[in-house]
Amino acid sequence: MNKLNSAIKFHGHLGPWLVMGLLLGEYGLKKIKAKKYFGLKVDAKLPYRKPVSCFVDGLQLSSGCTLGKRNIKVINSRNIEIKLTNLIKRNHIILGIDDEILRRLKNLKTHDESEDFADKIYRMKPQTLFKILRKVS
Ligand SMILES: [Zn+2]
């Protein structure tokens with residue numbers, strides 16, 4: 001099973017915010033040269049309500065930081081800022097979502113529209129989807 005299908009199986013449905021979380025975690029880990037699961041932590045600032053909160057499931061799957069292990073923290077906030085910290089190398093990155101992508105996410109109306117957009121962003125480059133707000137190495 002590919003990672004998108006396992007994410008859908010875990011989360012229960014395909015949604016664009018789930019996919020955004022999946023891709024952001026992957027991208028962020030690469031940027032801070034961290035491995036999944038241990039030796040890193042995630043602080044996720046976002047509006048903690050559906051559908052945006054679906055992001056947290058994708059992020060847990062891709063970063064391996066989970067609520068159960070307590071190495072991910074969710075902070076309810078107006079804007080979206082995801083901080084990933086490599087605890088071994090002591091570096092971190094703060095990522096946000098590209099303005100145009102965010103605008104399109106907010107304008108999704110129907111279920112079908114959301115699924116189509118989820119498929120679409122899954123095939124997009126992370127540099128198009130996310131912006132680096134801060135990087136400390
Ligand atoms: Zn969802």
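The coordinates are above.
Residues numbered from 1 in each chain as written. Predicted model: local features only at pLDDT ≥ 70, side-chain atom pairs only at ≥ 80, totals over all residues. Heavy atoms only, no water.

Q: Describe the overall build of the chain, and please don't skip the residues or the numbers.
A: Check the secondary structure of the chain and you find six helices and five strands. Along the chain, helices and strands appear, N-terminal first, in the series α-α-β-α-β-β-β-α-α-α-β. Taken against the 2.2 N^0.38 rule, which gives 14 Å for 137 residues, the C-alpha radius of gyration of the chain at 14 Å falls within 12% of a compact globule. A principal-axis box enclosing the C-alpha atoms of the chain has dimensions of 45 × 30 × 25 Å. For the chain, the residues scored as buried account for 45% of the 137 residues in total. Sequence-distant contacts in the chain: of pairs separated by 6 or more residues, those separated by 24 or more amount to 74%. Here the chain displays about 8000 Å² of accessible surface, and carbon together with sulfur accounts for 51% of that area. A distance of 11 Å separates the average location of the 28 positive side-chain charges in the chain from that of its 12 negative side-chain charges. (Helix = DSSP H or I, 4+ residues; strand = E, 2+ residues; numbered from the N terminus. Rg over C-alpha atoms; globule rule 2.2 N^0.38 Å. Buried < 20%, exposed > 50% of the residue type's maximum accessible area, 1.4 Å probe, protein only. Contact = heavy atoms within 4.5 Å. Areas by Shrake-Rupley, 256 points an atom, 1.4 Å probe, with all protein chains shown as cover. Lys, Arg positive; Asp, Glu negative; His and termini not counted. Charge placed at Lys NZ, Arg CZ, Asp CG, Glu CD.)

Q: Describe a negative patch on the surface, listing the residues and the values that go with them.
A: A contiguous patch of negative charge, built from Asp 112, Glu 113, Asp 116 and Asp 119, is present on the exposed surface. The partly exposed category is assigned to Asp 119, whose relative accessible area is 33%. (Patch = residues over 30% accessible without salt bridge, like charges linked within 9 Å, V, L, I, M, F, W, Y side chains within 5 Å. Salt bridge = Lys/Arg side-chain N within 4 Å of Asp/Glu carboxyl O.)

Q: Which residues make up the side chain of Gln 60, and what values do they have?
A: Along the chain, the position of Gln 60 falls in helix H3 (residues 54–63). On the basis of relative accessible area, Gln 60 is assigned to the buried category, the value being 11%. Contacts of Gln 60, omitting those with residues within four sequence positions, involve Cys 65, Thr 66, Leu 67 and Ile 72.

Q: Please provide a residue-by-residue account of the environment of Pro 16, values included.
A: Checked against the element boundaries, Pro 16 lands in helix H2 (residues 16–31). On the accessibility criterion, Pro 16 (6% relative accessible area) is buried. Considered as a pair, Pro 16 and Leu 108 are 92 residues apart in the sequence and their alpha carbons are 9.5 Å apart. Leave out the neighbours within four places in its chain, and Pro 16 touches Leu 105, Leu 108, Ser 114, Phe 117, Ala 118 and Ile 121.

Q: Report on helix H5 (residues 111–122), specifying residues and quantitative values.
A: The first and last C-alpha atoms of H5 sit 17 Å apart over 12 residues, in line with the 16 Å expected at 1.5 Å per residue. Residues of H5 that are buried: Ser 114, Phe 117, Ala 118 and Ile 121. Down the axis of H5, the buried set is contained in an arc of 110°. They therefore lie on one face. Opposite its buried face, H5 presents the exposed residues Asp 112 and Asp 116, each directed more than 90 degrees away. Structurally, H5 contributes buried residues whose contacts are with H2, helix H4 (99–106) and helix H6 (126–129). (Expected span 1.5 Å × (residues − 1). Arc of directions from axis to C-beta.)

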